[in-house]
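# Observations on the model geometry
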Amino acid sequence: MTTGTPHDLTIAEVRLTPILVSDPPLLNTQGVHQPYTPRLIVEVVTADGITGVGETYGDTQYLELARPFAERLPGRRVTDLGGLFALADEVAVDRSRAGGRLDVGGLRGVQTADKLRLSVVSGFEVACLDATGKALGLPVHALLGGKVRDAVEYSAYLFYRWADHPEGVASEKDDWGAALDPAGVVAQARAFKERYGFRSFKLKGGVFPPEEEIAAVHALAEAFPGHPLRLDPNGAWSVETSLKVAGELGDVLEYLEDPALGTPAMARIAEESGVPLATNMCVTTFAEIQEAFTRGAVQVLLSDHHYWGGLRNTRELAAVCRAFGVGVSMHSNTHLGISLAAMTHVASTVPGLHHACDTHYPWQSEDVITERLVFRDGTVAVPDGPGLGVTLDRDRLGALHERWLADDGGLRDRDDAAAMRVADPGWTTPTVPRW
Ligand SMILES: O=C([O-])C(=O)C[C@H](O)[C@@H](O)C(=O)[O-]
Ligand SMILES: [Mg+2]
């Protein structure tokens, strides 16, 4: 028997490339997406010259943690994944001693220093797994224990939206058109189904008064009988409003997502309505699980490998959910193909994934990989090539980085309320509950 020369898996170099990616004017309860959104592309290069790629949030506070983190990686091995967490703790402690800020707001659930740190770790963890897979000639799913399905189902992520960003704002155009009422939402869902074959539909709510969103979901149920439907107002409603919505939509929803904020509110809504509740806001760290699960506040946990700290943590989370009889699926934020590949690999390894995962990917017309991932019948085929199975397009990466370098208009940090103020100068982030 012959054995190949073992690779030197020592990290020799780490490259961080912040970019700005075009984003359509998607509405949510806090405002509207800015025309460009920040992401961070991580490259980890081994002593043998193998490059692994990862992707995570790119706002300033993530970059401020990612940079000192990256500086400490050379000399470690790409296989030392457990060590990434201790390293992140060291970096965070050093930064807080130096007076660095450690929390940000927004729609990613309550942002804690812990979550920020884990989101940074996830970009490096994925890059290390990609490099290891490439060195060993194994797909990332094999490094996670092996896939249990060949394709991962995703849901269409419907948004109320304008046709274009406000006049005078530099932006890319797309052909989706506006969706601001039930007919517009149904037309958007139809386009998603025709273009990508999605079977499940999630509507981002919390934008219009609940009666209008209830009407939109009823219109979807009528237009797409038998298709799983979800509505997610990002905690914009009171318990009373949530119970009213649950009462009206309970028989057509697969689940209601984050109707109100916090475990006590979610527990009451779940108990009194009997409608399954999903979350990517109420439980976003391991520390929050025990209370929420034992109080029955959550029936479907939407993991997000970015803020749960990577693909291995996502599997651990899925195991905890299994133990509590809580369903598991995935949440997303604006992301590119590297993250979609990572999501697909880990989702392919999770037993009992009974709900289609969310993805923003169809809204993103730009990417940094040579071949975009494709949806067929609403699914992404699990890549079986080495690593993640994606190839970085250096020209595209460079162009999107140039855009980031050139930005002086505050786009390096996601701020949906600021984007809304361009159209509505009096807009302030609504207080919760909004209705
Ligand atoms: O499920 C969710 O809560 C999300 O997808 C959060 C995102 O920030 C979404 O609201 C968005 O992109 O506007
Ligand atoms: Mg959500």
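This one's a predicted model, so the numbers in the text were calculated from it and none came from an experiment.

Each value, and the rule that gives it
- Residues numbered from 1 in each chain as written.
- Chains lettered and ligands numbered in written order.
- Predicted model: local features only at pLDDT ≥ 70, side-chain atom pairs only at ≥ 80, totals over all residues.
- Heavy atoms only, no water.
- Helix = DSSP H or I, 4+ residues; strand = E, 2+ residues; numbered from the N terminus.
- Rg over C-alpha atoms; globule rule 2.2 N^0.38 Å.
- Buried < 20%, exposed > 50% of the residue type's maximum accessible area, 1.4 Å probe, protein only.
- Areas by Shrake-Rupley, 256 points an atom, 1.4 Å probe, with all protein chains shown as cover.
- Lys, Arg positive; Asp, Glu negative; His and termini not counted.
- Charge placed at Lys NZ, Arg CZ, Asp CG, Glu CD.
- Domains from an automatic or database assignment.
- Contact = heavy atoms within 4.5 Å.
- Buried area = accessible area lost by both parts, 1.4 Å probe.
- Salt bridge = Lys/Arg side-chain N within 4 Å of Asp/Glu carboxyl O.
- Polar contact = N/O pair within 3.5 Å; in protein donor to acceptor, adjacent residues only side chain to side chain.
- Pairing = 2+ DSSP bridges.
- Donors = N, O, S within 2.8 Å, 3.2 Å for Na, K, Ca; no water.
- Phe/Tyr/Trp six-rings, centres within 6.5 Å; stacked < 30°, edge-to-face > 60°.
- Lys NZ or Arg CZ within 6 Å of the ring centre and 35° of its normal.
- Near = heavy atom within 4 Å.
- Nonpolar A, V, L, I, M, F, W, Y, C, P; charged D, E, K, R; others polar.

### Details of the overall build of the chain
Counting secondary structure elements, the chain contains 13 helices and 14 strands. Taken against the 2.2 N^0.38 rule, which gives 22 Å for 435 residues, the C-alpha radius of gyration of the chain at 21 Å falls within 12% of a compact globule. Dimensions of the chain, computed from C-alpha atoms along their principal axes, come out at roughly 65 × 50 × 45 Å. Within the span of the chain, comprising 435 residues, buried residues form 59% of the whole. Summed over its atoms, the accessible surface of the chain is roughly 16300 Å², and 51% of this surface lies on carbon and sulfur atoms. Across the chain, the 39 positively charged side chains and the 58 negatively charged ones have centroids separated by 3 Å.

### Quick notes on the domain arrangement of the chain
As far as domains go, the chain holds domain 1 (11-140 + 393-405) and domain 2 (141-381). Here the C-alpha centre of domain 2 lies 23 Å away from the C-alpha centre of domain 1. Listed by partner, the interface residues are 50 residues for domain 1 and 56 residues for domain 2. A combined buried area of about 4300 Å² lies between domain 1 and domain 2, and 63% of that area is made up of carbon and sulfur atoms. Our enumeration of links across domain 1 and domain 2 arrives at three salt bridges. Where Arg-403 meets Glu-366, a salt bridge forms, and the shortest distance between an N and an O atom there is 2.8 Å. At the boundary of domain 1 and domain 2, one finds 30 residue pairs in polar contact (both at pLDDT 80 or more). Among the elements of the structure, β1 (11-22), β2 (27-28), β4 (36-46), β5 (51-57), α3 (113-136) and α12 (394-406) are those that each provide at least two residues to the side of domain 1 that touches domain 2. Tallying contributions element by element places α3 first for the side of domain 1 that touches domain 2, with eleven residues.

### What to know about the pairing of β4
Every other side chain in a regular strand lies on the same face of the sheet, so the side chains alternate between the two faces. With eleven of eleven residues buried, β4 lies mostly within the body of the structure. Burial of the side chains of β4 extends over both faces: Tyr-36, Pro-38, Leu-40, Val-42, Val-44 and Thr-46 are buried on one face and Thr-37, Arg-39, Ile-41, Glu-43 and Val-45 on the other. The pairing of β1 with β4 spans eleven bridges and is antiparallel. Looking across to β4, one finds that Val-21 is bridged to Thr-37. Both β4 and β5 contribute to a ladder of seven bridges, which runs antiparallel. By the bridge assignment, Arg-39 is partnered in β5 with Tyr-57. Turn length for the β4-β5 hairpin, with the two strands adjacent in sequence and antiparallel, is four residues, and the turn residue Gly-49 shows positive phi of about 85°.

### Some remarks on the coordination of the magnesium ion (ligand 2)
Distances from the magnesium ion (ligand 2) to its protein donors, namely Asp-232 (OD), Glu-257 (OE) and Asn-280 (OD1), fall within the range 1.9 to 2.2 Å. When the donors of the magnesium ion (ligand 2) are listed by position in the chain, the intervening gaps give D-x24-E-x22-N. Pair noted here: Asp-232 is in strand β8 (residues 229-232) and Asn-280 is in the loop between β10 (277-279) and α9 (289-294), with a separation of 48 residues, a long-range link. In this pair, the class of Asp-232 matches that of Asn-280, namely buried.

### Some words on the packing of aromatic side chains
For any pair of aromatic rings, the description consists of the separation of the ring centres together with the inter-plane angle of the planes. Summed over the entire model, instances satisfying the criterion amount to 18 aromatic pairs. Each ring, one from Phe-69 and one from Phe-124, has its centre 4.6 Å from the other, and the planes form 50°; the classification is tilted. With Phe-69 in helix α1 (residues 60-71) and Phe-124 in helix α3, this pair connects stretches of sequence that are 55 residues apart. Note on accessibility: Phe-69 and Phe-124 belong to one class, buried. With a centroid separation of 4.7 Å and an interplanar angle of 90°, the aromatic rings of Tyr-160 and Phe-208 are classed as edge-to-face. Of this pair, Tyr-160 sits in the loop between β6 (151-159) and α5 (182-196) while Phe-208 sits in the loop between β7 (201-204) and α6 (210-223), placing them 48 residues apart in sequence. Taken as a pair, Tyr-160 and Phe-208 share a single burial class, namely buried. One aromatic cluster is present, formed by Tyr-154, Tyr-157, Phe-159, Trp-176, Phe-192, Tyr-196, Phe-198, Tyr-361, Trp-363 and Phe-375 through successive ring pairs. Sitting over the ring of Trp-176, Arg-195 keeps its end group 4.2 Å from the ring centre. The side chain of Arg-412 reaches across the aromatic face of Trp-404, ending 3.7 Å from its centre.

### Overview of the site of ligand 1
Around ligand 1, 16 residues are found, and the nearest of them are His-33, Tyr-157, Lys-202, Asn-234 and His-360. At 2.7 Å from an oxygen atom of ligand 1 is found a side-chain nitrogen or oxygen belonging to His-33. In this structure, an oxygen atom belonging to ligand 1 sits 2.8 Å away from a side-chain N or O atom of Asn-234. Calculation on ligand 1 without its partners gives an accessible area of 340 Å², and the protein chains cover 100% of this total. Counting only elements with at least two residues in the shell around ligand 1, the list comes to β6 and β7. In the shell around ligand 1, the residues fall into three nonpolar, eight polar and five charged.

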